[in-house]
Amino acid sequence: MKIVVCVKQVPDTAGGVKFNPDGTLDRGAMLTIMNPDDKAGLEAALRLKDQYGAEVTVVTMGLPKAEEVLREAMAMGADKGVLVTDRVLGGADTWATSTTLAGAIRNLDYDLIITGRQAIDGDTAQVGPQISEHLNIPVISYAQDIKIEGDSVVVERQYEDRYHVVKAKMPCLITALSELNEPRYMTPGGIFDAYKQEITVWGRADLKDVDDANLGLKGSPTKIAKASDKVRKGAGEKVSLDPDESVSYIVDKLKVKHVI
Amino acid sequence: MDFTLSKEHEMARSLFREFAEKEVKPLAQEVDETEVFPRETVEKMAKLGFLGIPVPKEYGGQGCDPLTYAMCVEELSKVCGTTGVIVSAHTSLCCDPIMTYGTEEQKQKYLVPLAKGEKLGAFGLTEPGAGTDAQGQQTKAVLEGDEWVLNGSKCFITNGKEADVYVIFAITGTVEKRGRMQKEISAFIVEKGTPGFTFGTKEKKMGIRGSSTYELIFTDCRIPKDNMLGQQGKGFNIAMHTLDGGRIGIASQALGLAEGALENTVAYVKERKQFGRAIGAFQNTQFQLADMATKVEAAQLLVYKAAMAKATQKVYSVEAAKAKLYAAEVAMEVTTKAVQLHGGYGYIREYDVERMMRDAKITEIYEGTSEVQRMVISGALLK
Amino acid sequence: MNLEEYKGVYVFAQQVDNEVSSIAFELLGKAKDLAKDLNTEVTAVLIGSGIKGLADQLAEYGADKVIVVDDPELKDYRTEPYAHALASVINKYKPEIMLVGATAIGRDLGPRVSARVATGLTADCTVLEIGDFPLQPTPGQEQLHNQLLMTRPAFGGNTIATIACPYNRPQMATVRAGVMQKITPIKGAKANVEEFNPGFTPDNKYVEILDIVKSVAETVDIMDAKILVSGGRGVGSPENFKILEDLAEVLGGTVSCSRAVVDSGWKPKDLQVGQTGKTVRPNVYFAIGISGAIQHVAGMEESDIIVAINKDADAPIFDVADYGVVGDLNKIVPKLTEALKAEIAAAKA
């Protein structure tokens, strides 16, 4: 079995959010990590590898620095890494990103593609399903359990108040939830081995069956009209009132904020 | 000269840090409070190969360099000094001598399971009457047929009772050296469970309280002849060479404790307010922190240099002694200042610096006191 | 693509088990505002099996027109037949705006459909309005009017971006549940109902549903809670947490706590907020009797609204609280619970 896992290098927003003195996000000071949902997807692939035997290829799109997440994936046990990087691919929205990744994956053999549900920087949850559309294969989003049965996958697909047990014939794309599993750690020796391996680097010219009009900033249908870092809140109001006044103060504030 | 770490080392550090933060830190206070050996953490580390970092792959290890191993002990000790010393004693004092002096059979039988973490290792040199003066050994080994018979005891043994494999030193005779009769010391590998090998009382310590420190007692303990490690009579050299490596491990532990205390203090002084402002706004605090940070970095450079020396040089006694001497004294100084900057909170157990200060003290004592390190360093100068 | 051909504000009217989801009504409420600005109509797209009867309900909540795609293949949600249905509606009717709920269904259907009809999709929007793109006239770039401007948080809520989809149609957005306001239903309202069936031919993309398992209420994860009522050592005793539980119940929230409370053995570790506990980001966080040590603040400072009640006016929790009340929690909290109960009852009546 051949499994392709898509991963993204993202700034570590959980807990380690750093701010400039003016309250804006200090991206330079933030560490980068493998996106948590993607890491769960990779772990799912590695478990399938442990259980059924599989070749796991990790694909990422990003700046050359994104090579780090491929090394990390290989230090965890992935077999191969593919970095898709090219200036013309920069500024891509989810449409252009999924077009690019689909163009890269067309060069690879696969039975299964696993992506994370969403990245913590964009939170869109779109790239996985969009890749599946470009490749014309079924998608099962929000996977909380994955099993292989012959040439099919059987997946528990999570919804708000239920889950569906869904069966799909491979090839198929699955998006993984970080709740799916607890990803393994790298091993020290695995890290040094990972850096000894070759990583495949692809640019625009290596993408298969894609149109320039659908790539990068120019090929992105959505355009950013305005972006602002949310100013970190400092101290708000503080009042010293008697208990009844305190209660009406809180109730009024909750009303203003549409909590009640 | 380039002081930047390779990408591999950076990634290894991030691995150790993540593991320490997620798996070790949450237990550190409890391990200290209850004095219970963190078995589960050791099993987790075993699974990830942390117990065989500098051991070659063909012997079940990770095949990494001593620097990677030093960084592992450093990062673990940043959050828990106990966990740091467990790895250090196992790796430097048990895996390392077997790797260096063991026969192929001994390596297959002992080093492979040790490096894989299936077994834990310890080292027995110190005796009640033989601390800094290692020549004062009393434990004897007598060859009877195909077996060595051990009698005597060892004290303050880290990983005692928890470990499965022990490197033990004993007198195997006397030799004449420069006209004087001297004890001939040899090294042995002893397995837990060997009849005649028992444990005395568990020591109650000031710091590193989760590490298991026991007296080892040998009463007509018979071990196979083949369990002698290295040549007969070479025990003293083996012990000293092993301790050179061990000192890099303890220096890394001391470094980690100092770094952990510094990190905690930096966070604290930004938060703690007195006289209407954060105490970090006071110049006394700032100057103290500057000194602490400078010394911590100097210690790190010495420790990393010693680790690199172990990778590239045959003899690295002086580098190891300097690293341990300095890192241990910095650990004591920085943790003490950290407690002071925390004020009353620094003295209570809810705050990690209280434990770090207690943990730091031992780094100036074990595997050669600071005085011994000074002897090694000055001895080389005046040779 | 002739953008002029695309007209009207469309809403994917999600239904589950033939019951319209609340998000559909919320989207209709917003769609009505947008349609008014654009001087156009609101159309609900209802997809399922045996669901025609739900059209009137959509009319009552603001739909001028309802397109019904009713087919046995659409009984339970599956990506492919639903994507085929919605994409076919878009290709035939050419909406200007297509809104989908950011639910576990919508966040799967939206991207698949947007890729199929080759347009942009903005995820998890919290604000939708009609305006110009670029926002300000820009030399060398034509300023387009009557564009859908979609605002959404990103970077875990640390940044806010406003996004447009100026050169493709429809302009698609998924919208967060609970953000948009439903209108008061207009009893007896009728919509123009139109049935449409694009035909369904199962292929490899039609997955098979082997089982549907509805979850019974599990223990709540404080990380998922919209409202957290969190107590610290100041609450005084495990028994006294009752007053926090009562407050949480009135608001449909969950009780959480500080590390001191866990260390004292008053509450289990999985309710602990903070560096050594969990990082939470609810809509409202009540910090009651919590001093606000840095370890705690790190785990809750991203909450949308922080209300702190503490008798110590210098407690650091007030440095992060939006609304800080200095006072005795034992006197304030029970009264607050009663007052909120009354408010909520009044709102329902």
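These remarks concern the structure in this document. (Residues numbered from 1 in each chain as written. Chains lettered and ligands numbered in written order. Predicted model: local features only at pLDDT ≥ 70, side-chain atom pairs only at ≥ 80, totals over all residues.)

### Focus on the overall build of chain A
Along chain A, the regular secondary structure elements total 6 helices and 13 strands. Projected onto its principal axes, the C-alpha coordinates of chain A cover approximately 70 × 40 × 40 Å. Burial status across chain A gives 52% buried among its 260 residues. The long-range fraction of contacts in chain A, counting pairs at least 24 apart against all pairs at least 6 apart in sequence, stands at 70%. (Helix = DSSP H or I, 4+ residues; strand = E, 2+ residues; numbered from the N terminus. Buried ≥ 20, exposed ≤ 12 C-beta atoms within 10 Å, placed from the backbone. Contact = placed C-beta atoms within 7 Å.)

### Here's the deal with the interface of chain A and chain C
Across the boundary between the two partners, chain A contributes 69 residues, which contact 74 residues of chain C. Going through the elements one at a time, α3 (94-105), α4 (127-135), β7 (139-149), β8 (152-158), β9 (162-169), β12 (223-229), β13 (237-240) and α6 (243-256) of chain A are the ones with two or more residues in the side of chain A that touches chain C. Across the side of chain A that touches chain C, the residue classes break down as 32 nonpolar, 18 polar and 19 charged. (Nonpolar A, V, L, I, M, F, W, Y, C, P; charged D, E, K, R; others polar.)

### Points about the interface of chain B and chain A
Buried accessible area, meaning the area lost when the parts come together, often serves as the stated size of an interface. Counting from both sides, the interface comprises 14 residues of chain B and, opposite them, 11 residues of chain A. Of all the elements, helix α1 (residues 7-34) of chain B adds the most residues to the side of chain B that touches chain A, at 6 residues. Grouping the constituent residues of the side of chain B that touches chain A by class yields 7 nonpolar, 4 polar and 3 charged.

### Description of the packing of helix α4 (residues 81-101) of chain B against helix α6 (residues 235-271) of chain B
Residue and element names in this part refer to chain B. α6 packs onto α4 with a crossing angle of 155° between their chain directions and a minimal axis gap of 9 Å. The orientation of α4 relative to α6 falls into the category roughly antiparallel. Where α4 crosses over α6, the two elements pack in a sense that is right-handed. Taken together, the residues of α6 that come into contact with α4 (itself represented by Gly81, Gly84, Val85, Ser88, Thr91, Ser92, Leu93, Asp96, Pro97 and Tyr101) are Ile238, Thr242, Gly245, Gly246, Ile248, Gly249, Ile250, Gln253, Gly256 and Leu257. Taken together, the residues of the contact of α4 with α6 sort by class into 8 nonpolar, 11 polar and 1 charged. (Axes fitted to C-alpha atoms, helices over the stretch in contact; angles between N-to-C directions. Parallel < 35°, antiparallel > 145°, perpendicular 65-115°, else oblique. Left-handed = near helix turned anticlockwise from the far one by under 90°.)

### Observations regarding helix α4 (residues 106-116) of chain C
All names here are of chain C. Counting buried positions over the 11 residues of α4 gives 10, a clear majority of the element. Listing the buried residues of α4 in full gives Gly106, Arg107, Asp108, Leu109, Gly110, Pro111, Arg112, Val113, Ser114 and Ala115. Just downstream of α4 lies alanine 118, where phi reads positive at about 55°.

### Points about the nonpolar core
Ranked by internal contacts, the top residues of the largest apolar core, which has 255 residues, are Val303 and Ala327 of chain B together with Val11 and Leu58 of chain C. Core analysis: the next-biggest nonpolar cluster, separate from the first, contains 48 residues, Val229, Val250, Val255 and Leu340 of chain C among them. (Core = buried A, V, L, I, M, F, W, Y, C linked by C-beta atoms within 7 Å.)

### A word on the sheet that holds strand β6 (residues 97-101) of chain C
All names here are of chain C. Strand order across the open sheet formed by 7 strands is β7-β11-β6-β1-β4-β5-β12, with parallel pairing between neighbours. Strand pairing shows two members of the sheet lacking a second neighbour, β7 (121-125) and β12 (192-195), which therefore form its edges. Each neighbouring strand pair of the sheet contributes to a mean axis angle of 20°, computed without reference to strand direction. Inspection of the sheet shows strand β5 (residues 65-70) paired to β12 by 4 bridges, in the parallel sense. Pairing of lysine 65 across the sheet is with asparagine 192, part of β12. Along the sheet face, helix α1 (residues 22-38) touches β1 (9-12), β4 (42-48), β6 and β11 (171-175) and points at about 175° away from the line of β1. (Pairing = 2+ DSSP bridges.)

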